[in-house]
Amino acid sequence: VDQDLRAVCATLPDDRDARMPLAYVHFVQILVDTLLVLAPFALYPRLGDLAVLLATMLTLFYRGFVDLSKSFLDPFGNDGSLGENFQVDTLLGETNAGSLRWAAAGAKLPFSEFEGLVTSRGRKK
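Residues numbered from 1 in each chain as written. Predicted model: local features only at pLDDT ≥ 70, side-chain atom pairs only at ≥ 80, totals over all residues. Heavy atoms only, no water.

Student: Give me the overall build of the protein chain: which residues, what numbers.
Tutor: Within the protein chain, the secondary structure is distributed over five helices and zero strands. Counting from the amino terminus, the protein chain carries its helices and strands in the arrangement α-α-α-α-α. By the burial criterion, 10% of the 125 residues in the protein chain qualify as buried. Sequence separation of at least 24 residues holds for 37% of the intrachain contacts in the protein chain that already meet a minimum separation of 6. (Helix = DSSP H or I, 4+ residues; strand = E, 2+ residues; numbered from the N terminus. Buried < 20%, exposed > 50% of the residue type's maximum accessible area, 1.4 Å probe, protein only. Contact = heavy atoms within 4.5 Å.)

Student: Go over a nonpolar patch on the surface, please, and point to the residues and values.
Tutor: Residues Leu47, Leu50, Leu53, Leu54, Met57, Leu60, Phe61, Phe65, Leu68 and Phe72 make up a contiguous nonpolar surface patch of about 960 Å² in total accessible area. Element by element, the count of residues in the nonpolar patch is highest for helix H4 (residues 50-71), at eight residues. Position of phenylalanine 72 relative to the elements: it lies in the loop between H4 and helix H5 (88-107). (Patch = residues over 30% accessible without salt bridge, like charges linked within 9 Å, V, L, I, M, F, W, Y side chains within 5 Å. Areas by Shrake-Rupley, 256 points an atom, 1.4 Å probe, with all protein chains shown as cover. Salt bridge = Lys/Arg side-chain N within 4 Å of Asp/Glu carboxyl O.)

Student: Summarise H4; cite the residues concerned and give the values.
Tutor: Residues three or four positions apart in an α-helix share a direction because the helix packs 3.6 residues into each turn. With 22 residues, H4 should reach 32 Å at 1.5 Å per residue; the first-to-last C-alpha distance of 32 Å fits that figure. Among all positions of H4, only Ala51, Ala55, Val66 and Ser71 are buried. Around the axis of H4, the buried residues are gathered within 160 degrees of arc, so they sit on the same side. Facing away from the buried side of H4 by over 90 degrees, the exposed positions are Leu60 and Phe65. Summarising the contacts, the buried residues of H4 are in contact with helix H3 (22-47). (Expected span 1.5 Å × (residues − 1). Arc of directions from axis to C-beta.)

In short, shape yes, function no, at least from these values alone.
Now the structure itself:
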């Protein structure tokens, strides 16, 4: 049992380094492009002129999601990808600013943190 655990743990770096096949990425891109080209024709008989607006919104969201998913293939630009890469310093700075914002908001609450607590029996302390 101990050797099985070691064997499984030894494969973890291989799984981490394994990339998604490029053919899959291209296949998803073709599927999304086909959906977006055919959507106005499929929506028009039922929605009329509103299909143009909805097809535009579909294009906005689906193309955005596809671009975002492509950036997850190489999120930090290690392999020289030209896509949208995450800026780690900005990500950490915004996360820190958000955490400080919540702490400051909690300090301004109009009641004590122990006031109004309900016990497990449903009565106030």
